[in-house]
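# Analysis of the macromolecular model
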Amino acid sequence: MNFLRGVMGGQSSGPQHTEAETIQKLCDRVASSTLLDDRRNAVRALKSLSKKYRLEVGIQAMEHLIHVLQTDRSDSEIIGYALDTLYNIISNDEEEEVEENPTRQSDDLGSQFTEIFIKQQENVTLLLSLLEEFDFHVRWPGVKLLTSLLKQLGPQVQQIILVSPMGVSRLMDLLADSREVIRNDGVLLLQALTRSNGAIQKIVAFENAFERLLDIITEEGNSDGGIVVEDCLILLQNLLKNNNSNQNFFKEGSYIQRMKPWFEVGDENAGWSAQKVTNLHLMLQLVRVLVSPNNPPGATSSCQKAMFQCGLLQQLCTILMATGVPADILTETINTVSEVIRGCQVNQDYFASVNAPSNPPRPAIVVLLMSMVNERQPFVLRCAVLYCFQCFLYKNQKGQGEIVSTLLPSTIDATGNSVSAGQLLCGGLFSTDSVSNWCAAVALAHALQENGTQKEQLLRVQLATSIGNPPVSLLQQCTNILSQGSKIQTRVGLLMLLCTWLSNCPIAVTHFLHNSANVPFLTGQIAENLGEEEQLVQGLCALLLGISIYFNDNSLENYRKEKLKQLIEKRIGKENFIEKLGFISKHELYSRASQKPQPNFPTPEYMIFDHEFTKLVKELEGVITKAIYKSSEEDKKEEEVKKTLEQHDSIVTHYKNMIREQDLQLEELKQHISTLKCQNEQLQTAVTQQVSQIQQHKDQYNLLKIQLGKDSHHQGSYNDGAQMNGIQPEEIGRLREEIEELKSNQELLQSQLTEKESLIENLKSSQTSSGTNEQSSATDSVRDSEQVAELKQELATLKSQLNSQSVEITKLQIEKQELLQKTEALVKSVPVSGENEAVTDMKTGEVEGRLPALLQETKELKNEIKALSEERIAIKEQLDSSNSTIAILQNEKNKLEEKLTDSKKEQDDLLVLLADQDQQIISLKNKLKELGHTVEEEDELESGDQGDEDEDDGEDQDHI
């Protein structure tokens, strides 16, 4: 601190070279000190000297300050001092420095130091990286320093930032800073950054700049906001002006809709501050940037439609018709509305429907035209109204027809209570004010622009010049005023109107030439040698005469093309005529008017040419020159060519119409084909669905078939099928028990059959008698018949249950019919006429009281019938299942009976064989006896043995 006091004390007492030495010492201290506090104190001292001794500090300390930025980033305080010092060196904003050193070229000094700083691009990159620091003492001076660099050498610094990685993105983060001073200075920085650099403008726009800026404007109060709103609007203009990509992005991002609240100006008596006027002026200019005639037509058209759809145009028209609006805001609003409706039919139609809040209401167009032809209104406002009227009629044949129709005799209001647009234009055309004359003539010319129909309609307009004199046509009145030698501005306006009227309209040319005084007047004006002021009038007269020749249909014998050209050659001379014609395009105000459509004149003296008229001159000057130099033979050939072309055009038109009709038919056929294709696709989809459903049904059928096949082999799987047929689980259990019993019976029968087979084998081996076998067979058949009888009895029981339930269902249906008949009878019993009102009301009440109960009872009966029907269906399914079970068991029984019958037959055969053998044995015994053999004892012994065997067999049979 002692060191710093010595430095500051030396500043006031020593001579100038002492300050340079002090600065040098401070720089050495910054460069050589190892302690951070010493370096910080030295940089702080340099900062305090940098405003007063800018040159010395800049020359000696800049390199050391940059080194501090590179090496001492960890200390925000010394970085902030270094940035402030660099800002003081480079910036030219300090008035103190200029006052104390008025001889220095401060601008050159700032640009020189800026050039030194940015010579090493790493310095700018370093500065961008420092802006990422959130510390206020680093970020804010960094923003100010970078802004100053951009102001000094904008293009060079822009290029360095553009190639720096994430350079623009780092700067965009400033808009999101919660500290307003940094955010506001960030807006100023981006203003300087985006000026005249399309690439950076696109990057900033795609970094969400529109969203952030519009949010700031909304937070600050829209048009009622302060200087911050102004800065944001200027930045938005930088981003959008002459940048089609950003304009498209702005429109597609739906940001136009967010502009509508800007123009809600509120109470008209609330007052308009200077800042609000500035803000609203910039807002209107921003709208005009989006719909400028210099933009691509497609982009302008889409923005115009968006402004109508979101209500922005309606809001502007509200301001237009409001009272208490400042004159400059009203003028700019008129210009803005003009460009919003220019060439857009929907917007033009809406503008035509706008009425001023007067009593009675008047169209906005009429109110504006009243201002245009009123010489007491400001000149700028009158020019704005003319531009608005021109934009309303631009490519708007419907609007042109409406304006011209207000001049026709059939549409003029005979009562005189209201004034029309056409009457105002005629009044301005023939007033004593030359500006009104010019504006009215140009406005009327725009009502005829590229509209041959209205040019012919305007020929019907008749004007009453004075009482007692016959009316004259509007065309004749214009030529009469021309010949009276009025002011140049008036004559120029009338000549532009006449040239626009006669071009591309042979009928109007014939009407013009029909007045024998017009051609001599024109040739006299062209032939005279007048001063420079009259040369423009001469040129316009030459253009009008040339139009009369070029668009002449030779319907007037005395004013055919050839005779008019001969008249020019004799009275004026072709070269002189062409020279006078060239005066128009050589005029100093011609090129100015041809640049943009808006009639923007600094003073009334500059109000000479109209933008659309300059296009007409450029189009006709060459063809008129050729027409003047053509001979009569060439004219004839040209006429023949024109006729041929007309015939060719008619043929082409015919074929175009045919092609158009064929196109319509083709479109209809295409639509029909597309309809048929859709129907075909629908039918194919339906067929595909049906095929898939059929396939599903087939699969289900095959699955059921397989299940049924399994059921025929496995009785266990049959239970699931029964359940699927709708039988309840209790019934299924009972049926399963029955099936188990039948199974056991079947097994018993099978065992009995096995026994029979074993018995037969025994009979074969032992050849015993068949008595015991017959008895057992009879016993088995009795058992089988008993089982079949039981099954038949169960079937009869089920059938009886089904019959009883069917009878119950029938009874319930009969009761339902009776109840329905009673209900109808009660409804019919309600009296219609012929009874007194009391009885009618009472019976009606009774019926109404009984009817809900009957309906409820009917509903319950319906539900009961439905339940019984479902129960009947279930029982029927159960019966079907039982029938199928009985059928299966019957089939098994038949098989068993067949097997039993076969076994009986085999037994009978065996018994027959045994009987035969017994007979043979007896016969053999008899023969032996006859032969004298003694066989009795043996026979008896054998018979005794045989008897023992028979006894044993009987015991075995008893066991069985």
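These notes cover the structure that comes with them. The shown structure was predicted, so the numbers you read here are calculated from the model rather than taken from an experiment.

For the rest of this paragraph, the subject is the pattern of salt bridges. A complete count under the given rule lists 22 salt bridges for this structure. In this structure, Asp177 engages Arg179 in a salt bridge whose closest nitrogen and oxygen atoms are separated by 3.0 Å. Salt-bridge contacts for Asp349 lead to Lys398; the nearest nitrogen and oxygen are separated by 3.9 Å. Of this pair, Asp349 sits in helix H21 (residues 345–353) while Lys398 sits in helix H24 (residues 397–405), placing them 49 residues apart in sequence. Taking relative accessible area as the criterion, Asp349 reaches 30% and is therefore assigned partly exposed. Given a relative accessible area of 48%, Lys398 falls into the partly exposed group.

A word on the side chain of Thr479. Within the element layout of this structure, Thr479 appears in helix H28 (residues 474–483). Accessibility expressed as a relative area gives 6% for Thr479, which makes it buried. Separated by 2.6 Å, the side chain of Thr479 and the backbone oxygen of Gln476 make a polar contact. Those residues within four positions of Thr479 in sequence are excluded, and the remaining contacts are Leu498, Phe512, Asn515 and Asn518.

Assignment of secondary structure puts Cys439 in helix H26 (residues 434–448). In the structure, Cys439 is positioned 56 residues away from Cys383 in sequence and 8.1 Å away in space, judged by C-alpha atoms. Residues in contact with Cys439, not counting those within four places in the same chain, are Met372, Leu386 and Met607.

The next point concerns the side chain of Thr147. With respect to the element layout, Thr147 can be found in helix H9 (residues 136–152). Once residues lying within four places of it in the same chain are set aside, the contact partners of Thr147 are Asp185, Leu188 and Leu189.

Following both chains from N to C, one finds helix H13 (residues 198–206) and helix H16 (residues 244–252) inclined at 15°, their axes separated by 9 Å at the closest point. What the angle tells us is that H13 and H16 run roughly parallel. Crossing of H13 over H16 shows left-handed handedness. Note on element contacts: H16 touches H13 through Ser245, Asn246 and Phe249, opposite Gln201, Lys202, Ala205 and Phe206. Per-class residue counts for the contact of H13 with H16 are three nonpolar, three polar and one charged.

Let us look at the packing of aromatic side chains. Evaluated as defined, the whole model comprises eleven aromatic pairs. Look at Phe206 and Phe249: their rings are 4.6 Å apart centre to centre, the planes differ by 35°, and that puts the pair in the tilted class. Of this pair, Phe206 sits in helix H13 while Phe249 sits in helix H16, placing them 43 residues apart in sequence. Residue classification places Phe249 among the partly exposed residues on the basis of a relative accessible area of 24%. For the pair Phe351 and Phe392, a centre-to-centre distance of 6.0 Å together with 55° between the ring planes defines the contact as tilted. With Phe351 in helix H21 and Phe392 in helix H23 (residues 379–393), this residue pair connects regions lying 41 residues apart in the sequence. Of the aromatic side chains, those joined through ring pairs into one cluster are Phe206, Phe210, Phe249, Phe250 and Tyr255. In this arrangement the basic side chain of Lys144 is found over the ring face of Trp140, its NZ or CZ atom lying 4.1 Å from the centre. In this structure, Lys276 packs its charged tip against the face of Trp272, placed 4.7 Å from the ring centre.

Conventions adopted
Residues numbered from 1 in each chain as written. Predicted model: local features only at pLDDT ≥ 70, side-chain atom pairs only at ≥ 80, totals over all residues. Heavy atoms only, no water. Salt bridge = Lys/Arg side-chain N within 4 Å of Asp/Glu carboxyl O. Helix = DSSP H or I, 4+ residues; strand = E, 2+ residues; numbered from the N terminus. Buried < 20%, exposed > 50% of the residue type's maximum accessible area, 1.4 Å probe, protein only. Polar contact = N/O pair within 3.5 Å; in protein donor to acceptor, adjacent residues only side chain to side chain. Contact = heavy atoms within 4.5 Å. Axes fitted to C-alpha atoms, helices over the stretch in contact; angles between N-to-C directions. Parallel < 35°, antiparallel > 145°, perpendicular 65-115°, else oblique. Left-handed = near helix turned anticlockwise from the far one by under 90°. Nonpolar A, V, L, I, M, F, W, Y, C, P; charged D, E, K, R; others polar. Phe/Tyr/Trp six-rings, centres within 6.5 Å; stacked < 30°, edge-to-face > 60°. Lys NZ or Arg CZ within 6 Å of the ring centre and 35° of its normal.

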